[in-house]
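Coordinate inspection notes
One letter stands for each residue in the lines below.
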Amino acid sequence: MRRLKIDDPLDAFAVHGACGLWGCLAVGFFCTCDYSYTESGTACGVFYGGDGLLLATQIVGTIFITLWVGALSAILFSGLMAGGLLRISKEVEDAGLDNSKHGGAAYPDIATAIEEATERITPKRITSATDAAGA
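Read on for an overview of the structure. These figures come from a predicted structure and were not determined experimentally.

Focus: the packing of aromatic side chains
Inspection of every chain in the model, using the stated rule, returns five aromatic pairs. Taking 5.5 Å as the distance between ring centres and 25° as the angle between the ring planes, the aromatic pair formed by Phe29 and Phe47 counts as stacked. Of this pair, Phe29 sits in helix α1 (residues 12-30) while Phe47 is found in the loop between α1 and α2 (53-82), placing the two residues 18 residues apart along the sequence. Residue Phe47 is classed as exposed on the basis of its relative accessible area, which comes to 54%. Residues Phe30 and Phe47 carry aromatic rings whose centres are separated by 5.3 Å and whose planes lie at 55° to one another, so their mutual orientation is tilted. Residue Phe30 is found in helix α1, and its partner Phe47 is found in the loop between α1 and α2; the two are separated by 17 residues along the sequence.

Quick look at the structure:
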């Protein structure tokens with residue numbers, strides 16, 4: 001996804017697309033004849049004595065699903081792009097959506113938070129004999 005420069009911060013394609021594709025194809029490999037509801041009983045996965053028909057069916061099915069989803073997504077995103085609704089402005093992106101949509105940052109200033117946490121856990125250094133006597 002990074003090579004294609006597609007913004008997918010939640011890894012939705014990896015979870016739903018790639019794993020869903022594997023789930024469809026895995027049926028063609030691992031389906032036992034007990035779960036294959038055909039009259040001939042030969043529509044098993046190829047690892048369980050099947051003749052490959054089930055695997056071919058699963059491959060064709062995933063191709064059609066991919067084409068269907070790709071076509072509808074292209075139509076939807078083309079319409080959003082034409083209407084100027086697909087992306088936010090560069091200024092809003094730089095400021096952060098939390099600021100523009102919710103009126104404040106989602107996280108505190110990280111540098112300040114790290115400094116405060118470091119001060120709480122770092123022991124005080126003794127710099128002089130007077131400090132040592134008072135300690």
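Here we look at the state of the cysteines
Per the stated rule, a full pass over the model turns up one disulfide. The disulfide bridge from Cys33 ends at Cys44, spanning 1.5 Å between sulfur atoms. Given an S-S torsion of about 115°, the disulfide between Cys33 and Cys44 has right-handed geometry. Placement of the pair is Cys33 in the loop between α1 and α2 and Cys44 in the loop between α1 and α2, with a sequence separation of 11 residues. For Cys33, a relative accessible area of 36% corresponds to the partly exposed category. Note on Cys31: no disulfide assigned, nearest cysteine sulfur contributed by Cys44 at a separation of 6.5 Å. Judged by relative accessible area, Cys31 falls into the buried class, the value being 13%.

About the criteria used
- Residues numbered from 1 in each chain as written.
- Predicted model: local features only at pLDDT ≥ 70, side-chain atom pairs only at ≥ 80, totals over all residues.
- Heavy atoms only, no water.
- Phe/Tyr/Trp six-rings, centres within 6.5 Å; stacked < 30°, edge-to-face > 60°.
- Helix = DSSP H or I, 4+ residues; strand = E, 2+ residues; numbered from the N terminus.
- Buried < 20%, exposed > 50% of the residue type's maximum accessible area, 1.4 Å probe, protein only.
- Disulfide = S-S within 2.5 Å.

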